[in-house]
Amino acid sequence: MRLFYVAAWTWLLALEGLLLLASCQPFQSDKSDAGLVRDCTTNPPYLPPTVTNTSLRLSALRTLMDSQNISVYVIPATDPHLSEYIAPRDARRAWMTGFTGTAGTAVVSKMKAALWTDGRYWIQAERQMDCNWELNKGETTIVDWIMTETKEGDTVGADPFVFSIVEWENYKEPLLQGKRQFVGKEENLVDSIWGVERPPEPTENIFKVPAEFIERTWQTKVKEIRTQMKNNPYKPTAVLISALDETAWLFNLRGNDIPYNPFFQSYTVLAADSIRLFVNESRLPPDIKDYLSTACTTAECVQLKAYQDIRTNLQEYAEGNVTIWIGREYTNYGVYEVIPKSKLLIHRYSPVQITKSIKDTTEQKGLKAAHVRDAVAVICYFVWLEKNVPKGIETELSGAHYVNNLRSKQKHSKGISFETISASGLNAALAHYSPNNETNRKLIPDEMYLIDSGGQYLDGTTDITRTLHWGTPTSFQKEAYTRVLMGQIDLARSIFPAGTIGDELDVWARHALWEVGLNYKHGTGHGIGNFLGVHEWPVGIGSPHTCPLREGMFTSIEPGYYEDNEFGIRIEDVAMVVKAETKHMFGGVSYLTFEHVSLVPYERKLIDLSIMNKQQIDWLNNYYENVWKTVSPELQAQSLTEEYDWLRKHTELFSHSVLVTYSLINLAAALLGNLLLQGRLL
């Protein structure tokens, strides 16, 4: 018993010392960066250098609106394929507002202008928008805002080609009930005022993925989709393929229309007796035309049609005895509205979207191989950071450039998969921050650093996030990081019935944070492609887009925590859905789990083993063994001796003795507390 008393008092004295030490050392944070956020309450208002002056653009738009008797104009942030990442010429909302985040909608009335975006981007919007724009953080819906800015009989305008079916109807119905009209304008008003400054249409040649990375030919994939059409009880005669990654996947073709995404502008109408590809034909070199068998007209040949003719062609096709299968998530309203409702079969996703999400054996092998080489690039970057950050000369931008260059040297590299998030200190509190000349911060040992980056390779797409610290983290930073890691591990360890919706697993990633009142505002995971999109829906976790999980799907797992104006933490890995070996199989249903594909160690000095359980530490040790076994041979093959030694050190296994010691101390403290309450030590 005396041993327990001594351990307990030792623990209490140590805790008291830590609290005293913390009270004498205020948190170090450079608050001077607060000047990067606009202040519209002063006269004149304060505008940081990151802001875009939108006065002339708004004036030109309102003049055009007046000429067409439009009281309000709505500007989404997408393109005719409802893409998350878009070509520069489609970035209408960004050009109008100055705000470059991937999510958000701008609305302009005769007197006001407002932007709606989610919590990930609020600080970024305050840094980029001038005071012509209100930032709405959910105080009101867009439709309610429009109602206050208009009167009965007014017209609200928008481009129907940049709205999904559901989004359009979510505006149209309540506005009609409020006696306002919601009218589609085929000529986008922003395009009209953008003029010659608008980026040109893409002209680069479309190319095919090398055969060594392809298991299924495009003819095989066409046959698969046609079989699904035949087996569908509604017997559709054609499928409209609208999402850009769907056509790219179907034909094993790629392009360079959108930064970081190897897509090309296109639609496909796949019928039982024909294949029509709507594309700019001048971008198809002779070998690609031969590859697609464009010279013939049978059911196994691809007929080329002009990209802009999709609406007219569908309208003509719909005059026959046909049923057209569409996915409402990626079909724009401008195309949808010309097809009679009686001739539509509407599902949430097209059959191509679901089929594409389940990787075949060659795709699985390619994604895994790409992540090994990608891990080499990231490890090289971490070694470079450890040597150079203490010198005080590196910045967020120089770091981003360096890691991007490291990836470019890896085999099969085709560039990066999204704009690298290289964020130090308070910039990391912005979940989707990317550095620029105005916001660029120096990397210093005493600040947290978040690096979220990825690569495009011919055999796969990668996306990984790590949070680093080169100095002495605070106890709160360690706890927050460890709880994020615990969420990562708990979700990775989870076992669930086949067919479970990804959204249902979200609680695994958040539970450790919720236990102490912490959380994050973004989803927990997204699908990922094979030399396609870094965000590949409908696979994912913690998002309304997600679908039932099946073997062969790949998703990210990326919990985080963000302390505004202080620091940000995110840990992101890509994992494959695999069959779980369970003792029982209730109802004959198989069970699934995850196999980690990302292979980079976590930040050891931020891990507090005392709040982790044995299963979590076991998982971590098993992961480190796999990282060493898989990545170290590739480091040797590339003659990276220093990086090899670094990996050996950073994959050392964690000891359970620390966990046992803390458990004994905590038990002793609890016992001591009980004895004190009972008065037995007085």
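What you are looking at is a predicted structure, and each value in this text was computed from that prediction instead of being measured. (Residues numbered from 1 in each chain as written. Predicted model: local features only at pLDDT ≥ 70, side-chain atom pairs only at ≥ 80, totals over all residues. Heavy atoms only, no water.)

Asker: Could you give me a rundown of the pairing of strand β11 (residues 275–278), with the residues and numbers involved?
Answerer: Alternating residues of β11 divide into I275 and L277 and R276 and F278, and every residue in both groups is buried. Of the strand pairs in this sheet, strand β10 (residues 267–271) and β11 are connected by 4 bridges, and their pairing is antiparallel. When the sheet's bridge partners are listed, T268 is paired in β11 with L277. The loop that links β10 with its antiparallel partner β11 comprises 3 residues. Bridging between β11 and strand β12 (residues 302–305) involves 4 bridges; their strand directions are parallel. When the bridges of β12 are listed, R276 appears paired with Q303. The handedness of the β11 to β12 crossover, carried by helix α10 (residues 286–291), is right-handed. (Buried < 20%, exposed > 50% of the residue type's maximum accessible area, 1.4 Å probe, protein only. Helix = DSSP H or I, 4+ residues; strand = E, 2+ residues; numbered from the N terminus. Pairing = 2+ DSSP bridges. Right-handed = clockwise from strand over helix to strand, strands pointing away.)

Asker: Explain the state of the cysteines residue by residue, including any values.
Answerer: What the rule picks out here adds up to 2 disulfides. Linked covalently through their sulfurs, C296 and C301 form a disulfide whose S-S length is 1.7 Å. Residues C296 and C301 are joined through a disulfide that is left-handed, its torsion about the S-S bond being -90 degrees. Relative accessible area serves as the criterion here: at 29%, C296 is assigned to the partly exposed category. Given a relative accessible area of 3%, C301 falls into the buried group. By sequence order of its bonded cysteines, the protein chain has the disulfide arrangement 1-2, 3-4. (Disulfide = S-S within 2.5 Å.)

Asker: Can you tell me about the pattern of salt bridges, naming the residues and giving the values?
Answerer: The full count for this structure, using the stated rule, is 32 salt bridges. The partner of D452 in a salt bridge is R570, with the nearest N and O atoms 2.8 Å apart. Linking D452 in strand β17 (residues 449–453) with R570 in strand β26 (residues 567–570), this pair joins segments that are 118 residues apart in sequence. The two residues D452 and R570 agree in class, both being buried. One network of salt bridges, in which partners are shared, links D90, R92, D191 and R198. (Salt bridge = Lys/Arg side-chain N within 4 Å of Asp/Glu carboxyl O.)

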